[in-house]
Amino acid sequence: MLYQIYPRSFADANGDGIGDLRGVIERLDHVAWLGADGIWLNPITVSPNADWGYDVVDFCAVDPELGTVDDLDALVAAARDRDLAVVLDLVPNHTSSEHPWFVASRSLRESPKRDWYVWADPASDGGPPNNWVSTFLGPAWELDEKTGQYYLHNFLVEQPDLNWWNAAVRAEFERILRFWLDRGVAGFRVDVAHMLVHDQELRDNPLATDGQTQRYNSNHDEVHVLYRRWREVAESYDPPRLLLGETFLPGVPEIVSYYGADDELHLAFDIPFTLSPFDAGALREVVEETEALMPPGSVPCYTLGNHDVNRFTTRWCGDDPEQVRVALLLFFCLRGALVLYYGDELGLPDTRIPSARRLDPIGRDPERTPMHWADESGGGFCPPGVEPWLPLGDLTINVADQRDDPGSVLHLTRDLISLRRAERELRDGAYATLVAGGGLWAWRRGERCVVACNLGDEPATLDNVDGEIAVCTDRARDLDACITPVGCRPGPASKELPTPGACRPTRC
Ligand code: GLC
Ligand code: CA
């Protein structure tokens, strides 16, 4: 299990209200106590923060607000002492528009860096070269008045896309990979791993009922060539390094293609799982499809949420603590590699952001607020009296109080992780659906482990199981003998699912 840390929001060691790498070191014991195998840090490289770290101006240095490369080295060492791996975020699709490469590229058509980005002449009417739209908002093209051409940006205007057909770009990124891998970093989460390569003919995307299908600016065959090469680089290290892709694609078949023949990415996020409604049938179908398509020897990769989607506590569970327990139990009993977003171990909900404090251009602040370590001024995140960069939420949900309470969500999370470590079948055993009907979803892992989750409003029962309950969302039933039919309680009848408007997958 990888524990995802949003560095600006985990722990602030120097008291400026912004989380930093020294803060992560100070709080690493929490991650080790939880039982994680490693951490993934959202971008720590230098950024003007138009897209909060995902617009990079220097790929081989640490942003001064977060620390230094020495701090990263210290973090890798501190993590190693605790048997934790450190995975970094790599952003190869685009740079910041302030990156010296782009500044040179846009300065004149003859610049040696011109072809590092995707430039194209205006259409005959002077408009953008084709109909591609940005993943965020508006056209994917911006006119550069000075040189009279448009540049491609699949995200913000401040995030020009690199031209991955250019061999020099490929060579430069191999150097960047090695820069960090040589420092003992365990691998990378590859940002928008499916985009990178664009159609050289710049063909229009086909129109769809809700916009367009990203046929020509996404999921190009050539991207697989890149990952086969990166896989060789990753495997040339001892121990081999990890490549985990943010494959933000709508369908499981496309996502699975990024595993190649076990020669591309080691893992690719199962985005449809995260974006699914919290519904037994919908989640089961995603998992069954994933299991059916996964290449032999590979494992799926699931997360309940991340810095791009509303927290699962709010998005799936309508802030209902009982449903939070069901979601965690379901998650930790899946077959695959799991990534847990900081704060989700507490059942932290979205934080309401007053309009004057909103920072993210597309509204993802509610899931990015500072960690709650204790119910005190600053929340244990920053010193008392300091204003954190984003507001703290309801501090009654915090690590210190939940650690003192064996019945807490935090202890449930930790006990599920520890059960998974102890039970080989829960880690590696095959998945097989047992019950699919109504609100109940039950499955077997390997020969001996059975998982039953009631996501519905009605009580449900499970037949033909014996043994004992290892962990139950109602902790009073832990270690009870299974006397069939085993009852699975529904969520409280008052449960209200968030309305589609309130539940915001950022892209789907
Ligand atoms: C990924 C990141 C997201 C970012 C986008 C553009 O989806 O997770 O936070 O805004 O890429 O880099
Ligand atoms: Ca700080």
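Before going into details, it helps to say that this report is about the structure given with it.

### Remarks on helix H5 (residues 167-181)
Along its 15 residues, H5 runs 21 Å from first to last C-alpha, staying within 8% of the 21 Å computed at 1.5 Å per residue. When H5 is considered as a whole, its buried residues turn out to be Val-169, Glu-172, Phe-173, Glu-174, Ile-176, Leu-177, Trp-180 and Leu-181. For H5, the side-chain oxygen to backbone nitrogen distance between the N-cap and Ala-168 is 2.7 Å, and the N-cap itself is Asn-166.

### Some thoughts on the coordination of the calcium ion (ligand 2)
Only Asp-12 (OD), Asn-14 (OD1), Asp-16 (OD), Ile-18 (O) and Asp-20 (OD) from the protein reach the calcium ion (ligand 2) as donors, at distances of 2.2 to 2.4 Å. Counting gaps between the donor residues of the calcium ion (ligand 2) yields the pattern D-x1-N-x1-D-x1-I-x1-D. Its relative accessible area of 37% is what places Asp-16 among the partly exposed residues.

### As for unusual backbone geometry
Put simply, Asp-238 and Pro-239 share a cis peptide bond, and its omega is -5°. Residue placement: Pro-239 occurs in the loop between helix H6 (222-235) and strand E12 (242-245). Positive phi is not limited to glycine here, since Asn-49 has a value of about 65°. Of note, Asn-49 is situated in the loop between strand E3 (45-46) and strand E4 (58-62). Given the relative accessible area of 16%, Asn-49 is considered buried. The phi dihedral of Asp-319 falls on the positive side, at around 65°, and the residue is not glycine.

### Let's talk about the pairing of strand E9 (residues 187-190)
Along any regular strand, the residues point their side chains to alternate faces of the sheet. Residue alternation in E9 divides its side chains into two sets, Gly-187 and Arg-189 and Phe-188 and Val-190, and both sets are buried. Sheet topology places E9 next to E12; 4 bridges connect them, and they run parallel. Across the sheet, Gly-187 pairs through a bridge with Leu-242, a residue of E12.

### Notes on the sheet that holds strand E5 (residues 85-90)
Taken in spatial order, the 8 strands of this open sheet run E13-E12-E9-E5-E2-E1-E15-E14, and their pairing is parallel. Edge positions in the sheet fall to strand E13 (267-268) and strand E14 (301-303), since each of these pairs with one other strand and no more. Its contacts with the sheet place helix H11 (residues 321-332) against E14 and strand E15 (337-341), and it is angled at close to 150° to E15.

### Looking at empty space enclosed by the protein
Applying the stated rule across the entire model yields 6 cavities of 30 Å³ or more. Considering only enclosed or pocket space, the largest cavity measures out at about 110 Å³ in volume. Grouping the constituent residues of the lining of the largest cavity by class yields 6 nonpolar, 5 polar and 2 charged.

### Side note on the nonpolar core
Counting 133 residues, the largest nonpolar core has Tyr-3, Ile-39, Leu-41, Leu-72, Phe-173 and Phe-273 as the members making the most contacts within it. Tallying contributions element by element places H11 first for this core, with 8 residues. Setting aside its immediate chain neighbours within four residues, Leu-41 contacts Ile-5, Pro-7, Leu-21, Leu-72, Leu-75, Val-86, Val-87, Leu-88 and Asp-89. Within the second largest apolar cluster, 10 residues are counted, among which are Leu-462, Ile-469, Val-486 and Cys-488.

Definitions and cut-offs
Residues numbered from 1 in each chain as written. Chains lettered and ligands numbered in written order. Predicted model: local features only at pLDDT ≥ 70, side-chain atom pairs only at ≥ 80, totals over all residues. Heavy atoms only, no water. Helix = DSSP H or I, 4+ residues; strand = E, 2+ residues; numbered from the N terminus. Expected span 1.5 Å × (residues − 1). Buried < 20%, exposed > 50% of the residue type's maximum accessible area, 1.4 Å probe, protein only. Polar contact = N/O pair within 3.5 Å; in protein donor to acceptor, adjacent residues only side chain to side chain. Donors = N, O, S within 2.8 Å, 3.2 Å for Na, K, Ca; no water. Pairing = 2+ DSSP bridges. Contact = heavy atoms within 4.5 Å. Axes fitted to C-alpha atoms, helices over the stretch in contact; angles between N-to-C directions. 1 Å grid on protein atoms, 1.4 Å probe; cavity = no way out; pocket = protein on both sides within 12 Å on 5 of 7 lines; lining within 4 Å. Points joined across faces, edges and corners; volume = space filled by probe spheres on them. Nonpolar A, V, L, I, M, F, W, Y, C, P; charged D, E, K, R; others polar. Core = buried A, V, L, I, M, F, W, Y, C linked by side-chain atoms within 4.5 Å.

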